Amino acid sequence: MVADYFQALFQEDGSCDVSLALRGSFPVLNATQNLFINGEFSCDEIKQALFDMAPFKAPGPDGFHAKLYQRMWLVVGDSLCKFVMHFFETGCLPPDIKDTLLVLIPKEVLHSMGKKSTSKGFMAVKIDLEKAYDRLSWDFIQDTLMEVGLSEAWVRNIMSRVTSSWVSIAWHGQLMDWFHQSQGVRQGDAISPYLFVLCVERLGHLINKAVSVGDWKAIKLATYGPALSLLFFADDMVLFAKAIVDQMKIILNCLECICASSGQRVSFQKSTMFVSKNVDRGLALELSRMFGIPLTDNLGQGTPSIHGHQTVWIYKSHCGCSKYLSLAGRITLAKTVLMAIPMYVMQTALLPKELCLHIEKENATNESSFFGKGRVGLIHEKKSLWAQVVSSKYMKRGVCVSKFEVKQRSSNLWRGLVSANPILNQGMKKLVRNGKQTLFWLDIWLGESPLIDLCVQEIGLVDMYRTVESYWPGSDG
């Protein structure tokens, strides 16, 4: 029964139609990029790739981890390099090397939606793809690689790695019969996440086209901010659109197209929908019924996706699963994830100090460090999506980052970023340039503190706000 289930999962049913996929949307590789991609591999590159692998990830059927080859590189290095180079030249691998064992063992956007009081309501649909890696059509993978513009040799080599795989189920310590799969990519294979991202990017192409022609109404957090229609998180995705029946039909059409061409399937049990507070309850229920997924007030798992007012109880309540663990299980949980949980939350929410002290006295400092890192990201990662969203919503042009302020309806993320002002200011200096935007006495531009701190006599109010440029004789250059 177990073997039958997985055999059915890994067998393509012939329903995929690759011709339905949108074409011509991937960026075109230029001559320099093609030359680099198609260049010959060296032994140093092969060694680097091997040593970049996690040493004790799940081994293959032979039981050997990557650590063995890393440890014994001086012995097996030459043979391994010849083996890899032969594959890149011919695209051929020994049949048993592709065998697989299966061992059975966006917050800022939602804050804005929760605060919307205008007549335009929006919805966020969290899509979970059912067995996303296992259902990916091989024809669709090959078609995607060709759409990207990879050479025939690269497509051949990658598809040789993907196809002709044999799978066995490890059940109660026993191996079941081997069977051949005809779809899906291997879990744990280093190339699988890249292939999956490339393939699911084609859903993004469909949505971007619908947005560009005005059919899909994306959400904007600020008047001049970027329009958001989708966010990808591995095999999960969140789609944003205006909360009306016509928009839901467009969402369903895009999903049906990508599923029909790629073999993917939406998991209705794990998918959910969130609507802004100004959406009529009856309309929200109708949209939920059209898609066949439930409404929710929290798209997060474990951590609330809308932070709101922070209390210790909110975060403690999401750790209640430990009561179902054995004593050994609780000890393992405490050692491996207790410190990781607050670190994840601290990146998007300013936690109550009582909770930080409850976990560890130093966590409050760690939390400020996270937000300090985020503040630096706003300065140096201006083209990233998250920086564009936050800056368009809260930051005014020409305002120094050290003068960020909390507004009445600011999200908890922004409050956390502002709270990092003291830490960030300790290591910041004003870049003078022409001196017109730098206050001579009040900004930190020379030394480790404002020059006014070094004054031995009082500075007049007018002089206190003079710029560096105003003190600089024009004739001196």
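Residues numbered from 1 in each chain as written. Predicted model: local features only at pLDDT ≥ 70, side-chain atom pairs only at ≥ 80, totals over all residues. Heavy atoms only, no water.

1. Regarding the overall build of the protein
From N to C terminus, the protein includes 21 helices and ten strands. As presented, the protein carries roughly 28100 Å² of accessible surface, and 58% of it is formed by carbon and sulfur atoms. (Helix = DSSP H or I, 4+ residues; strand = E, 2+ residues; numbered from the N terminus. Areas by Shrake-Rupley, 256 points an atom, 1.4 Å probe, with all protein chains shown as cover.)

2. Side note on the sheet that holds strand E9 (residues 236-242)
Sheet strands pair by backbone hydrogen bonding; their relative direction is either parallel or antiparallel. If you trace the four strands from one edge of the open sheet to the other, you get E8-E9-E2-E10, paired in antiparallel fashion. The open sheet has two free edges, formed respectively by strand E8 (230-233) and strand E10 (272-275), since each of these has just one partner strand. Between one strand axis and the next, the sheet turns by 15 degrees as a mean value, whatever way the strands run. Sheet strands in contact with helix H11 (residues 281-291) are strand E2 (122-128) and E10, and its direction is about 160 degrees off that of E10. (Pairing = 2+ DSSP bridges. Axes fitted to C-alpha atoms, helices over the stretch in contact; angles between N-to-C directions. Contact = heavy atoms within 4.5 Å.)

3. Quick notes on the environment of Met464
Along the chain, Met464 falls in helix H20 (residues 461-464). Along the chain, Met464 and Leu442 lie 22 residues apart, while their C-alpha atoms are 7.1 Å from each other. When neighbours within four sequence positions are excluded, Met464 is seen to be in contact with Trp441, Leu442, Ile452 and Ile459.

4. Quick look at the packing of helix H9 (residues 192-212) against helix H10 (residues 245-262)
Orientation of H9 relative to H10, taken along the N-to-C sense of each, is 145 degrees, at an axis distance of 10 Å. Like other packed secondary-structure pairs, H9 and H10 cross with a definite hand, here right-handed. For the pair formed by H9 and H10, the contact residues are Cys199, Arg202, Leu203, Leu206 and Ala210 on the first element and Ile250, Cys254, Leu255, Cys257 and Ile258 on the second. (Left-handed = near helix turned anticlockwise from the far one by under 90°.)

5. Focus on unusual backbone geometry
For Lys131, which is not glycine, the phi dihedral falls at a positive 45 degrees. Along the polypeptide, Lys131 turns up in the loop between E2 and helix H7 (138-148). Even without a glycine there, the phi angle at Arg433 is positive, about 50 degrees. When you line up the elements, Arg433 lands in the loop between helix H19 (421-426) and H20.

6. A few points about the confidence of the model for the protein
With 67% of its residues at a pLDDT of 70 or more, the protein shows a mean pLDDT of 76. Taking the mean pLDDT of every element in the protein, the minimum, 43, falls on helix H12 (residues 312-317) and the maximum, 93, on H11. Between residues 101-105, whose pLDDT stays under 50, and residues either more than four places distant or in other chains, the model counts 16 contacts. Low confidence marks residues 306-324, where pLDDT is under 50. Its contacts with residues over four positions away, or in another chain, come to 35 contacts. (pLDDT = per-residue confidence, 0-100.)

7. Quick notes on the packing of aromatic side chains
By the definition in use, this model includes eleven aromatic pairs. Consider the rings of Phe41 and Phe88, whose centres lie 4.4 Å apart with planes at 25 degrees: the pair is stacked. In this pair, Phe41 sits in the loop between helix H2 (31-37) and helix H3 (43-51) while Phe88 sits in helix H5 (residues 73-90), placing the two residues 47 residues apart along the sequence. A connected cluster of aromatic rings, assembled from ring pairs, spans Phe41, Phe87, Phe88 and Trp154. (Phe/Tyr/Trp six-rings, centres within 6.5 Å; stacked < 30°, edge-to-face > 60°.)

8. Describing the side chain of Arg202
Here Arg202 lies in helix H9. Side-chain polar atoms of Arg202 contact the side chain of Thr144, separated by 3.0 Å. Beyond its immediate stretch of four places on either side in the chain, Arg202 contacts Ala21, Leu22, Arg23, Phe26, Phe140, Asp143, Thr144, Glu147 and Ile258. (Polar contact = N/O pair within 3.5 Å; in protein donor to acceptor, adjacent residues only side chain to side chain.)

9. What about helix H8 (residues 152-162)?
Among the residues making up H8, those that are buried are Val155, Asn157, Ile158, Met159, Ser160, Arg161 and Val162. In this structure, the buried side of H8 is in contact with H5, H7 and H9. (Buried < 20%, exposed > 50% of the residue type's maximum accessible area, 1.4 Å probe, protein only.)

10. Side note on the nonpolar core
With 52 residues, the main nonpolar core has Met123, Ile141, Leu239 and Phe291 as its most contacted residues. Going through the elements one at a time, E2, H7, H8, H9, E9, H10, E10 and H11 are the ones with two or more residues in this core. With sequence-adjacent residues up to four places away left out, Leu239 is seen in contact with Met123, Ala124, Val125, Ile127, Ile207, Trp216, Ser229, Leu230, Ile251 and Leu255. Ranked by size, the runner-up nonpolar core spans eleven residues in total, among them Leu221, Leu228, Phe240 and Phe274. (Core = buried A, V, L, I, M, F, W, Y, C linked by side-chain atoms within 4.5 Å.)

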